[in-house]
Number of protein chains: 2
Amino acid sequence: MKISVLGPEGTFSHEAALIYSKSAQFLFENTIYDVFDALYSGKSDAAIVPLENFISGSVGESLDALLEFNLKVNKVLFLDVQHNLIGHAKNDIKKLYVHPQAHAQCREYIRKNFQSAEIVHTSSNAASARLANESFEGAIVPLLAAQVYGKKVIDENVQDNGQNVTLFAVLGKSHAKKSRDDRTFIVFDCVNRAGILHEILGLFAKAGINLFKIESRPNKRKMGDYIFYVEFHGHPEDEIVSDVIDELKKKTRFLKILGAYPAGGSE
Amino acid sequence: MKISVLGPEGTFSHEAALIYSKSAQFLFENTIYDVFDALYSGKSDAAIVPLENFISGSVGESLDALLEFNLKVNKVLFLDVQHNLIGHAKNDIKKLYVHPQAHAQCREYIRKNFQSAEIVHTSSNAASARLANESFEGAIVPLLAAQVYGKKVIDENVQDNGQNVTLFAVLGKSHAKKSRDDRTFIVFDCVNRAGILHEILGLFAKAGINLFKIESRPNKRKMGDYIFYVEFHGHPEDEIVSDVIDELKKKTRFLKILGAYPAGGSE
């Protein structure tokens, strides 16, 4: 089995892919769009992309690509985002390599421990691991990056928040079959007037369907207009859900089901 | 006047800061949190942070910091995001430096023109400009980065989408005074049950207040719970707005006004 993943090797996307499969062959791509494209064009059998991080929020590129490609989310994976310090000895580090997002997530730790060190921002967590080679150099990296690039972890779990989770989507040609407890993810576009979103959410409220996520994003075709991404409880095969979707279609200009998947994700 | 800005020099944040003021002294910080902190602790008189990009979406770190710091958005700036190719001659480029986000935004251009070149991801658009020094090297950068680092632009406006805009927030100790046409930005937390968001949006609908943006984000204190960021038409001094905010406070666990500012932004 071939799975398309955002590269390079040793990033959190790679960690998520290993949760999904230990035996698959991973094809690493340069951009999220290229990950979608690889699956769509038949280079791979599945694709894994980041959807949302607990701290940094939704991944816009993934939301856009879901809108554009005829691919569906059929499973979600939750990954604990844990940063680690690699190097020789903590007190000897004069130069610290860190990805800007990892810097934001380990800001207090870096401020406290590396006040006089030179901080060098990198293009990816994998690059941080690759670059720290001299005895006076250190880096903040995922555990997998330390392993892939053969580096020694000298301090574990150095992120400021105890818990940080990234939600990844597994993509395929169709959404998952109905299970005991599902979620459905849709996107729609409606006219821009006071009260329209209230009317639309009223359909869910009347049906007693709980919403988990709602997010507006600029409609690229028309500045000032928004499209809405909504994740809710249930599966498109549930009668109550398919009825609401039918009603929604009457109130929106377009509506697309982006996926359906078991609620719990997978460890 | 001192203004805190996300560094390094020559990025789009720096371009936005120059829209706001040509004469201010800019203090460049490593992370968005540090930009907030610099203003809060009195190192600067104002701060400018990215809030939302047309393509990549909201900037989670800014939304989080707005929640945490007692600072207010008092103005918004719209910046046209334009990428440019620097180097000697387009056909001679064997190595192309590009920030991952710039890569995503210029994907087609890079695919078409640099099929056999080595693509090197960098930590910032400024780093891309700094690194491209050899005659066989090129980079994709903002115009300002080309100027700051003394590089020659050989192809202009190379982004795939004709238009891409980033919205920046100007922060101060208080929100802006009421003007002719304002927007207000709030965040609130409500209990997680079917219909609650519908009830809350009903308050805006009943008052005829148009919503521009709504976004849920994970509540970091409680997994599975969400907080909501909403931008709407009007100013907290408008009676109709202050009435809705009073009603909202009864239905939410907490509510904070993040800012109020003229609707049109500034060029």
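Residues numbered from 1 in each chain as written. Chains lettered and ligands numbered in written order. Predicted model: local features only at pLDDT ≥ 70, side-chain atom pairs only at ≥ 80, totals over all residues.

Looking at this structure, I do not really get the overall build of chain A. What am I missing?
Of regular secondary structure, chain A possesses nine helices and 15 strands. For chain A, the spread of C-alpha atoms along the three principal axes comes to 65 × 40 × 35 Å. The burial tally for chain A puts 49% of its 267 residues in the buried class. Pairs at least 24 residues apart make up 72% of the contacts formed inside chain A by residues separated by at least 6 positions. (Helix = DSSP H or I, 4+ residues; strand = E, 2+ residues; numbered from the N terminus. Buried ≥ 20, exposed ≤ 12 C-beta atoms within 10 Å, placed from the backbone. Contact = placed C-beta atoms within 7 Å.)

Help me out: how do you make sense of the domain arrangement of chain A in this one?
Interface size is often expressed as the accessible area that is lost when the parts come together. All names here are of chain A. What the domain assignment lists for chain A is domain 1 (2–80 + 164–172), domain 2 (84–155) and domain 3 (182–262). Computed over C-alpha atoms, the centres of domain 1 and domain 2 are 25 Å apart. Residue-level contacts link ten residues of domain 1 with eleven residues of domain 2. Looking at the side of domain 1 that touches domain 2 residue by residue, the class counts come to three nonpolar, five polar and two charged. (Domains from an automatic or database assignment. Nonpolar A, V, L, I, M, F, W, Y, C, P; charged D, E, K, R; others polar.)

Can you walk me through the relation of the copies chain A and chain B in this structure?
Two copies of one chain are present, and they are related through a rotation about an axis combined with an axial shift. Taken as rigid bodies, chain A and chain B are interconverted by a rotation of 180° and an axial shift of 0.0 Å, the fit giving an RMSD of 0.0 Å. Look at the turn and shift together and you get a two-fold axis relating the two. (Least-squares fit on C-alpha atoms with pLDDT ≥ 70 in both.)

Help me understand the sheet that holds strand 7 (residues 95–98) of chain A in this model?
Backbone-to-backbone hydrogen bonds join strands into a sheet, with any given pair of strands oriented parallel or antiparallel. Residues and elements named next belong to chain A. If you trace the five strands from one edge of the open sheet to the other, you get 8-7-9-6-10, paired in mixed fashion. The strands lining the two open edges of the sheet, one partner per strand, are strand 8 (118–121) and strand 10 (153–155). Recorded for the sheet is a direction-independent mean angle of 35° between the axes of neighbouring strands. Bridge analysis of strand 7 against strand 9 (residues 137–141) gives three bridges, and the strand direction is parallel. Residue pairing in the sheet places Tyr97 in a bridge with Ala139 of strand 9. (Pairing = 2+ DSSP bridges. Axes fitted to C-alpha atoms, helices over the stretch in contact; angles between N-to-C directions.)

Can you walk me through the sheet that holds strand 8 (residues 118–121) of chain B in this structure?
All names here are of chain B. Spatially, the five strands line up as an open sheet ordered 8-7-9-6-10, and their pairing is mixed. Strands with a single pairing partner mark the edges of an open sheet, and in this sheet they are strand 8 and strand 10 (153–155). Strand-to-strand twist in this sheet, taken as the mean axis angle between neighbours without regard to direction, amounts to 35°.

Can you help me understand the packing of helix 2 (residues 32–40) of chain A against helix 3 (residues 60–68) of chain A in this one?
A packed helix pair is summarised by two numbers, namely the angle formed by the two axes and the spacing between the axes. Residue and element names in this part refer to chain A. At their nearest, the axes of helix 2 and helix 3 sit 9 Å apart, and the two run at 30° to each other. Along this stretch, helix 2 crosses helix 3, giving a crossing that reads as right-handed. Listed contacts from helix 3 to Ile32, Tyr33 and Phe36 of helix 2 are Glu61, Ser62 and Ala65. The residue makeup of the contact of helix 2 with helix 3, split by class, is four nonpolar, one polar and one charged. (Left-handed = near helix turned anticlockwise from the far one by under 90°.)

Looking at this structure, I do not really get the environment of Gln147 of chain B. What am I missing?
Looking at where Gln147 of chain B falls in the secondary structure, it is placed in helix 7 (residues 143–148). Here the alpha-carbon distance between Gln147 of chain B and Gly10 of chain B, two residues 137 residues apart in the chain, equals 7.9 Å.

Quick question: what am I supposed to make of the interface of chain A and chain B here?
Each partner contributes to the interface: chain A provides 43 residues, whereas chain B provides 44 residues. Elements that contribute at least two residues to the side of chain A that touches chain B include exactly helix 2, strand 4 (57–58), helix 3, helix 4 (100–105), strand 8, helix 8 (196–207) and strand 13 (211–218) of chain A. Across the side of chain A that touches chain B, the residue classes tally to 18 nonpolar, 18 polar and seven charged.

Just checking my understanding: could you explain the packing of helix 8 (residues 196–207) of chain B against helix 9 (residues 239–251) of chain B for this structure?
Residues and elements named next belong to chain B. Taken N-terminus to C-terminus, the directions of helix 8 and helix 9 make an angle of 165°; their axes are 10 Å apart at the nearest point. For the element pair helix 8 / helix 9, the angle class is roughly antiparallel. At the point where helix 8 passes helix 9, the crossing takes the right-handed sense. Together, Glu199, Ile200, Leu203, Phe204 and Ala207 of helix 8 and Ile240, Val244, Glu247, Leu248 and Lys251 of helix 9 make up the contact between the two elements. Split by residue class, the contact of helix 8 with helix 9 holds seven nonpolar, no polar and three charged. (Parallel < 35°, antiparallel > 145°, perpendicular 65-115°, else oblique.)

Would you take a moment to explain unusual backbone geometry for this structure?
Backbone phi values are negative for most residues with the exception of glycine, while trans is the configuration of most peptide bonds. Residues and elements named next belong to chain A. For the bond running from Gly7 to Pro8, omega is 0°, close enough to zero to count as cis. Even without glycine at this site, Asn157 takes up a positive phi of about 50°. Along the chain, Asn157 turns up in the loop between strand 10 and strand 11 (165–172). For Asn157, a count of 13 C-beta atoms within 10 Å puts it in the partly exposed group.

Is there a simple way to explain the nonpolar core in this structure?
A general feature of soluble globular proteins is that nonpolar side chains tend to end up buried together. If you look at the biggest cluster of nonpolar residues, it comprises 102 residues, and the most contacted ones within it are Val49 of chain A together with Val49 of chain B. Dropping the residues within four chain positions of it, Val49 of chain B is found in contact with Leu6, Ile32, Val35, Ser62, Phe168, Ala169 and Leu171 of chain B. (Core = buried A, V, L, I, M, F, W, Y, C linked by C-beta atoms within 7 Å.)

What exactly am I supposed to notice about helix 8 of chain B here?
Compared with an ideal rise of 1.5 Å per residue, which puts twelve residues at 16 Å, helix 8 of chain B spans 18 Å between its outermost C-alpha atoms and is within 8% of the ideal. Those residues of helix 8 of chain B not exposed but buried are Leu197, His198, Ile200, Leu201, Phe204 and Ala205 of chain B. Relative to the axis of helix 8 of chain B, the buried residues are bounded by an arc of 165° and lie together on one face. Considering only its buried residues, helix 8 of chain B is in contact with helix 8 and strand 13 of chain A together with strand 13 (211–218), strand 14 (226–233) and helix 9 of chain B. (Expected span 1.5 Å × (residues − 1). Arc of directions from axis to C-beta.)

Before we go on, may I ask you to explain the pairing of strand 1 (residues 2–6) of chain A in this structure?
All names here are of chain A. Most of strand 1 is tucked away, with four of its five residues classed as buried. Summarising the sheet, strand 1 and strand 2 (residues 25–29) pair through five bridges and their orientation is parallel. Bridge pairing in strand 2 links Ile3 to Phe26. Following the backbone out of strand 1, through helix 1 (residues 12–20) and into the adjacent parallel strand 2, one traces a crossover that is right-handed. (Right-handed = clockwise from strand over helix to strand, strands pointing away.)

Could you clarify how one ought to interpret the environment of Glu52 of chain B in this entry?
Relative to the helices and strands, Glu52 of chain B resides in strand 3 (residues 46–53). Non-local contacts of Glu52 of chain B, meaning those with residues more than four positions away in its chain, are made with Gly57, Ser58, Val59 and Leu167 of chain B.

I'm lost on the environment of His121 of chain A in this one. Help?
Residues and elements named next belong to chain A. Note on placement: His121 falls in strand 8. With 23 C-beta atoms packed within 10 Å, His121 lands in the buried category. With 19 residues separating them along the chain, His121 and Ala102 place their C-alpha atoms 9.4 Å apart.

Looking at this model, I keep getting lost on the confidence of the model for chain A. Mind explaining?
Caution applies to low-pLDDT regions: their predicted coordinates should not be interpreted in detail. Per-residue pLDDT for chain A has a mean of 92; in total, 97% of the residues score no lower than 70. Model confidence for the complex: the whole-complex pTM is 0.85, and ipTM, which rates the interface, is 0.77. (pLDDT = per-residue confidence, 0-100.)

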